[in-house]
Amino acid sequence: MPDILVVGGGASGMVASLFAARAGASVLLLEKNEKLGKKVYITGKGRCNLTNDCDRDEFLAQVARNPRFLYSALSFFSPRDMMSLLESAGCPVQVQRGRRVFPLSEKASDVTRALASCLRDAGVRVRLNSPVRSLVTESGRVVGVRLENGETVPAQAVILCTGGLSYPATGSTGDGYRFAAETGHTVLPPVPVLVGLETEESWPRSLQGLSLRNVALTLSLGKKTLYSELGEMLFTHFGVSGPLVLEASCHLPDPPRGSLLTVDLKPGLSAEQLDARLLRDFAAAGKKLLRTELSSLLPARLADIFPGLCGLPSSLPCSQMTAPQRQKLVAVLKCLPLTVSAPRPLDEAIVTRGGVSVKEIEPGTMRSRLVPNLFFAGELIDTDAHTGGYNLQIAWSTGALAGRSSVDSQCEKSRQS
Ligand SMILES: Cc1cc2nc3c(=O)[nH]c(=O)nc-3n(C[C@H](O)[C@H](O)[C@H](O)COP(=O)(O)OP(=O)(O)OC[C@H]3O[C@@H](n4cnc5c(N)ncnc54)[C@H](O)[C@@H]3O)c2cc1C
């Protein structure tokens, strides 16, 4: 019988298995896919932004949901610890802009390969193509798991590392939510975050593929600003995406009704400076069409439709622009509105918000408060963070802590009996 059974061989499951094995347990890792870490392969567009080289308080400031719950896990296994683990496993890392950490090779596959070799060295048994169907419980404790093929695998403790519901083709199909609910845990509804946003306006679709750099994006609800940042965004076939929009999606109310995005296309200029520039440019432009002249300020595709967005005829010559028309242009350049209709669905989200309630998990051990030999780690738990390597670090840290404390709790139990 394995001492510790880990369900799910993604980011959190690999590290949980490693820590349990290094603490002396016999560990069996069950993964439903044909390989470990399928999601890790696609992180950071295949480059894997594996953590963020910041201290604990800076890290917790980037956690959108339940930051305090992660305090002990991050203290137990920090971003620096993860960097050292990979370095010592033959996967050197580099710190890039925003203290984002990547493997030196910029290949996510090297991260998985390094972890898989650690698992081998630590003696973890890995069973691939082994989907777990349910937990087997007796007298309020988990005694093992049942596989889809009907086989029952016994265990003294189980760590659930099955991930969330985003990108289900990587294996995270929400099974752990069901296992948690069946053992009496509260599971908060899954919500997509770090995801593109659909807009009521259809014009963004005509600009599909166009990326805007150095713009300021603001998300607001009524008079309340929920998010505002400078950076890059992208128009898509459904509305908007890109780094700024993904971050904004973390702050989107659920339901999103009434949420408004506004884009400041010229954040470096005040409205007065912009008006003065247009006045000068239009005087020099003479009979040139407005949309042609605007292409010196905006990407050509946006310039083409911009007069229409301001309620002006696109064939208007610059020389005929009135002061109110120019002011309207300035107003829209500084505050281009987009009404959010919905986030894109979960299967397109980088991360799933929601999951097993942190109130039912001990933060110092990752152990269930309801089932004494059941542990949780990773995205399955109701905590998530912004982009920058924080979500993977949550998986590494909670996995490490769950792995280690699952063994400690077994030792404690055998001392007592
Ligand atoms: C496109 C994309 C890019 C991302 N980029 C980054 C990034 O650069 N940096 C960052 O910090 N975060 C990134 N993330 C988020 C990050 O990948 C996840 O937060 C992290 O992988 C969660 O780890 P996990 O172990 O909880 O879940 P997962 O990595 O999803 O692993 C869960 C594992 O459990 C297995 N499993 C599920 N159910 C069962 C079952 N019943 N039986 C057996 N096995 C099962 C699955 O097959 C899977 O292997 C990205 C996510 C996506 C989708």
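Quick notes on the rules
Residues numbered from 1 in each chain as written. Predicted model: local features only at pLDDT ≥ 70, side-chain atom pairs only at ≥ 80, totals over all residues. Heavy atoms only, no water. Near = heavy atom within 4 Å. Polar contact = N/O pair within 3.5 Å; in protein donor to acceptor, adjacent residues only side chain to side chain. Areas by Shrake-Rupley, 256 points an atom, 1.4 Å probe, with all protein chains shown as cover. Helix = DSSP H or I, 4+ residues; strand = E, 2+ residues; numbered from the N terminus. Nonpolar A, V, L, I, M, F, W, Y, C, P; charged D, E, K, R; others polar. Salt bridge = Lys/Arg side-chain N within 4 Å of Asp/Glu carboxyl O. Buried < 20%, exposed > 50% of the residue type's maximum accessible area, 1.4 Å probe, protein only. 1 Å grid on protein atoms, 1.4 Å probe; cavity = no way out; pocket = protein on both sides within 12 Å on 5 of 7 lines; lining within 4 Å. Points joined across faces, edges and corners; volume = space filled by probe spheres on them. Arc of directions from axis to C-beta. Core = buried A, V, L, I, M, F, W, Y, C linked by side-chain atoms within 4.5 Å. Contact = heavy atoms within 4.5 Å. Pairing = 2+ DSSP bridges. Axes fitted to C-alpha atoms, helices over the stretch in contact; angles between N-to-C directions.

Tell me what's going on with the site of the ligand, and back it up with residues and numbers.
The environment of the ligand is made up of 35 residues, and the closest members are Ser12, Glu31, Asp175, Glu379 and Leu392. Gly44 has a polar backbone atom sitting 2.9 Å from an oxygen atom of the ligand. Here a nitrogen atom of the ligand and a side-chain polar atom of Asp175 are 2.7 Å apart. For the ligand, the protein covers 95% of the area, taking 1,000 Å² as the surface of the free molecule. Of all elements in the fold, only α1 (11–22), α2 (38–42), α7 (175–182) and α14 (390–416) reach the threshold of two or more residues within the shell around the ligand. In terms of residues, the shell around the ligand owes the most to one element, α14, which gives 4 residues. Here the residues of the shell around the ligand sort into 13 nonpolar, 17 polar and 5 charged.

Explain the pattern of salt bridges to me, using residue names and the numbers behind them.
Counted under the stated rule, the structure contains 21 salt bridges. Of the charged contacts in the structure, one is a salt bridge between Lys38 and Glu34, with a shortest N-O distance of 3.1 Å. Taking the relative accessible area as the measure of exposure, Glu34 reaches 43% and is therefore partly exposed. As a salt-bridge pair, Asp53 and Arg80 come within 2.8 Å of each other at their nearest N and O atoms. Residue Asp53 is found in the loop between β3 (51–52) and α3 (56–61), and its partner Arg80 is found in helix α5 (residues 79–88); the two are separated by 27 residues along the sequence. Overall, the relative accessible area of 53% leaves Arg80 in the exposed class. Beyond isolated ion pairs, a larger network of salt bridges with shared partners links Glu198, Arg344 and Glu348.

Explain the layout of surface pockets to me, using residue names and the numbers behind them.
Its volume calculated, the second largest pocket comes out at about 190 Å³. As for the second largest pocket, its lining consists of 13 residues, and the residues nearest its centre are Val191, Leu252, Pro253, Asp254 and Arg353. The biggest single contributor to the lining of the second largest pocket is strand β12 (residues 187–193), with 5 residues.

Please give an account of α5 that cites residues and values.
Think of an α-helix as turning once every 3.6 residues; residues three or four places apart then point the same way. Buried within α5 are the following residues: Pro79, Met82, Met83, Leu85 and Leu86. End-on view of α5: buried residues confined to an arc of 160°, all on one side of the axis. Across from the buried face of α5, at angles greater than 90 degrees, the exposed residues are Arg80 and Ser88. Following α5 by one or two positions, Gly90 has its phi on the positive side, about 85°.

Got a sec to walk through the nonpolar core? Specific residues and values, please.
The biggest cluster of nonpolar side chains holds 81 residues, and the ones touching the most others in it are Val145, Val158 and Trp396. Tallying contributions element by element places α14 first for this core, with 9 residues. Apart from residues lying up to four places away in sequence, Trp396 is in contact with Ala11, Val15, Leu50, Phe77, Met82, Val111 and Leu115. In terms of nonpolar packing, the next biggest core, distinct from the first, is built from 42 residues, Val240, Leu297, Cys310 and Cys318 among them.

Provide a residue-level description of the sheet that holds strand β9 (residues 141–147), including the pertinent values.
The 3 strands are arranged β8-β9-β10 in an open sheet whose pairing can be described as antiparallel. Edge positions in the sheet fall to β8 (132–138) and β10 (152–154), since each has one partner strand and no second. Each strand of the sheet is rotated relative to its neighbour by a mean of 30°, with strand direction disregarded. Two elements, β9 and β10, share 3 bridges in a ladder whose sense is antiparallel. Bridged to Val145 within β10 is Val153.

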